[in-house]
Amino acid sequence: AKGSVVTTPINSEDEAYDAPVSIGTPAQPFNLDFDTGSSDLWVFSSLTPSNERNGQNIYTASRSSTAKQLSGESWKISYGDGSSSSGLVYSDVVTIGGLTAAGQAVEAASRVSQSFTSESATDGLVGLAFSSINTVSPDQQTTFFDTVKPSLASPVFTADLKHQAPGTYNFGFIDKSAFTGSITYTPVDNSQGFWGFTSTGFQVGNNDFQQESITGIADTGTTLLLLPDDVVNAYYSSVNNAQNDQSAGGFTVPCDTSLPDFSFGVGNNGAMITIPGSLMNLGPSGSGNSCFGGLQSSGTIGTNIFGDVALKAAFVVFDSGSQGQPQLGWASK
Ligand SMILES: CC[C@H](C)[C@H](NC(=O)C[C@H](O)[C@H](CC1CCCCC1)NC(=O)CCNC(=O)[C@H](Cc1ccccc1)NC(=O)N1CCC(N)CC1)C(=O)NCc1cnc(C)nc1N
């Protein structure tokens, strides 16, 4: 089996990407944020208080003939940006891009934090990290990808995110027309439940390549590219009037400045992914006429995060074990 679904930026800053998902019988439609940085599939529901909703689609288990409550099970999750949600658990039919997972754990929110309430474009998340960090208790559940994996021609999914344009998540196959050149694979460390890997270094514009092991995660659920301070300083020191503006929450640049490209190394064959300078500007910072930089410090997080700013420049293969151990494939496009 295979699946293919279109994913679209939720706003003009490419802050997140949603894709359509059907749950239940008859199908209930949702727009969900596919997140390779977490492992819970959760949705706004009839359990979510009306004062915590803002037009989101809601899952009503009682209207689905295939819904079954997993009695005694619950979930509770908090994210890097401080947002959180929690609730009860059902099993139901989930269809994404023509691919159906019967008996998928569907986590119905009985509460959500303010930032979810205010994000009316998003009805919940599809976690695509490893099932080892799924939060359902006492019986941990599998991600959509792990649920359907046995039926897939190949145990992979791919992310092809685009700037202000529809992109694609594919399950079970690699679309050779979606990238240029070859795919460079690098081993994944999934010990923390993430798609962890080590980049070999970086390059600002056409300057020399700086060899530096940069260990981080490939995370479609994070907007920014979050890297160590030495990398961030090297980048913005080459930009006139760039400034680290705490009130904006990080480095800003004059909005009319053309920014240098930023490249990062993948694999051990010298391959690089190059983010064009135009994608390194995330639009008005909210203070003055400055714009917010797409590259920011990973500072105190404890890991580096290759978020949408980086992933948008690549065709990325999340391979859970076609060659044995999990690996990430990177190609330009
Ligand atoms: C099982 C938990 C799971 C692994 C969890 N995973 C994550 O947090 C990473 C995951 O990819 C989540 C998925 C997000 C959650 C919010 C909704 C959208 C998806 N990513 C993050 O939290 C990274 C930081 N957030 C982001 O990158 C959000 C994403 C967003 C975009 C639009 C609208 C709303 C949110 N964007 C921003 O913060 N922006 C601020 C700056 C602006 N210019 C751009 C947008 C975790 O690490 N939690 C532990 C944790 C808890 N608490 C904290 C404080 N940190 C933590 N790491």
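Our subject is the structure listed above.
Residues numbered from 1 in each chain as written. Predicted model: local features only at pLDDT ≥ 70, side-chain atom pairs only at ≥ 80, totals over all residues. Heavy atoms only, no water.

**Considering helix α3 (residues 229-236)**
Turning to step 1, where the next piece is worked out: Among the residues of α3, those classed as buried are Val-231, Val-232, Tyr-235 and Tyr-236. Each buried residue of α3 lies within a common arc of 120° when the element is viewed along its axis, so the set occupies one face. (Buried < 20%, exposed > 50% of the residue type's maximum accessible area, 1.4 Å probe, protein only. Helix = DSSP H or I, 4+ residues; strand = E, 2+ residues; numbered from the N terminus. Arc of directions from axis to C-beta.)

**Thoughts on the environment of Ile-275**
Turning to step 1, where the next piece is worked out: Of note, Ile-275 is situated in strand β18 (residues 271-275).
Turning to step 2, where the next piece is worked out: In this structure Ile-275 touches Leu-225, Asp-261, Phe-262, Phe-264, Met-280, Val-309, Ala-310 and Ala-313, once residues within four positions along its chain are discounted. (Contact = heavy atoms within 4.5 Å.)

**Thoughts on the pairing of strand β2 (residues 17-23)**
Turning to step 1, where the next piece is worked out: Along β2, five of the seven residues are buried, which leaves the element largely enclosed by surrounding structure.
Turning to step 2, where the next piece is worked out: The pairing of strand β1 (residues 3-9) with β2 spans two bridges and is antiparallel. Residue pairing in the sheet places Pro-9 in a bridge with Tyr-17 of β2.
Turning to step 3, where the next piece is worked out: Between β2 and strand β3 (residues 28-35), which pair antiparallel one after the other, the connecting turn spans four residues, and Gly-24 there sits at a positive phi close to 95°.
Turning to step 4, where the next piece is worked out: By the bridge criterion, two bridges tie β2 to strand β6 (residues 84-96) in an arrangement that is antiparallel. Across the sheet, the residue bridging to Ile-23 is Val-94, located in β6. (Pairing = 2+ DSSP bridges.)

**What about the site of the ligand?**
Turning to step 1, where the next piece is worked out: Near the ligand there are 22 residues, and of these Asp-35, Gly-37, Ser-78, Gly-80 and Asp-219 occur at the shortest range.
Turning to step 2, where the next piece is worked out: One can see that the ligand is located within the largest pocket.
Turning to step 3, where the next piece is worked out: Where the shell around the ligand is concerned, the elements lending two or more residues are β3 and β5 (68-78).
Turning to step 4, where the next piece is worked out: Class assignment for the residues of the shell around the ligand results in eight nonpolar, eight polar and six charged. (Near = heavy atom within 4 Å. 1 Å grid on protein atoms, 1.4 Å probe; cavity = no way out; pocket = protein on both sides within 12 Å on 5 of 7 lines; lining within 4 Å. Sits in = over half its atoms within 2 Å of the grid points. Nonpolar A, V, L, I, M, F, W, Y, C, P; charged D, E, K, R; others polar.)

**Some details on the layout of surface pockets**
Turning to step 1, where the next piece is worked out: One number sums up the size of the largest pocket: a volume of about 1,200 Å³.
Turning to step 2, where the next piece is worked out: Within the residue set of the lining of the largest pocket, elements represented by two or more residues are β3, β5, α1 (114-118) and β19 (281-284).
Turning to step 3, where the next piece is worked out: Ranked by the residues each element gives to the lining of the largest pocket, the list is headed by β19, at three residues.
Turning to step 4, where the next piece is worked out: Broken down by class, the residue content of the lining of the largest pocket amounts to 16 nonpolar, 15 polar and nine charged.
Turning to step 5, where the next piece is worked out: There is about 160 Å³ of room inside the second largest pocket.
Turning to step 6, where the next piece is worked out: Lining the second largest pocket, in full, are Leu-224, Leu-226, Asp-229, Asn-233, Asn-244, Gln-246, Gly-249, Gly-250, Phe-251, Phe-292, Gln-296 and Ser-297. (Points joined across faces, edges and corners; volume = space filled by probe spheres on them.)

**Quick word on the state of the cysteines**
Turning to step 1, where the next piece is worked out: Here the structure, examined in full by the defined rule, presents one disulfide.
Turning to step 2, where the next piece is worked out: Residue Cys-255 pairs covalently with Cys-291 via a disulfide, S to S 2.1 Å. Between Cys-255 and Cys-291 the sulfur-sulfur dihedral comes to about 105°; the bridge is accordingly right-handed. Taken as a pair, Cys-255 in the loop between β16 (250-254) and β17 (262-266) and Cys-291 in strand β20 (residues 290-293) lie far apart in primary sequence, 36 residues in all.
Turning to step 3, where the next piece is worked out: Taking relative accessible area as the criterion, Cys-255 reaches 33% and is therefore assigned partly exposed. (Disulfide = S-S within 2.5 Å.)

Nothing here speaks to function; it is all geometry.
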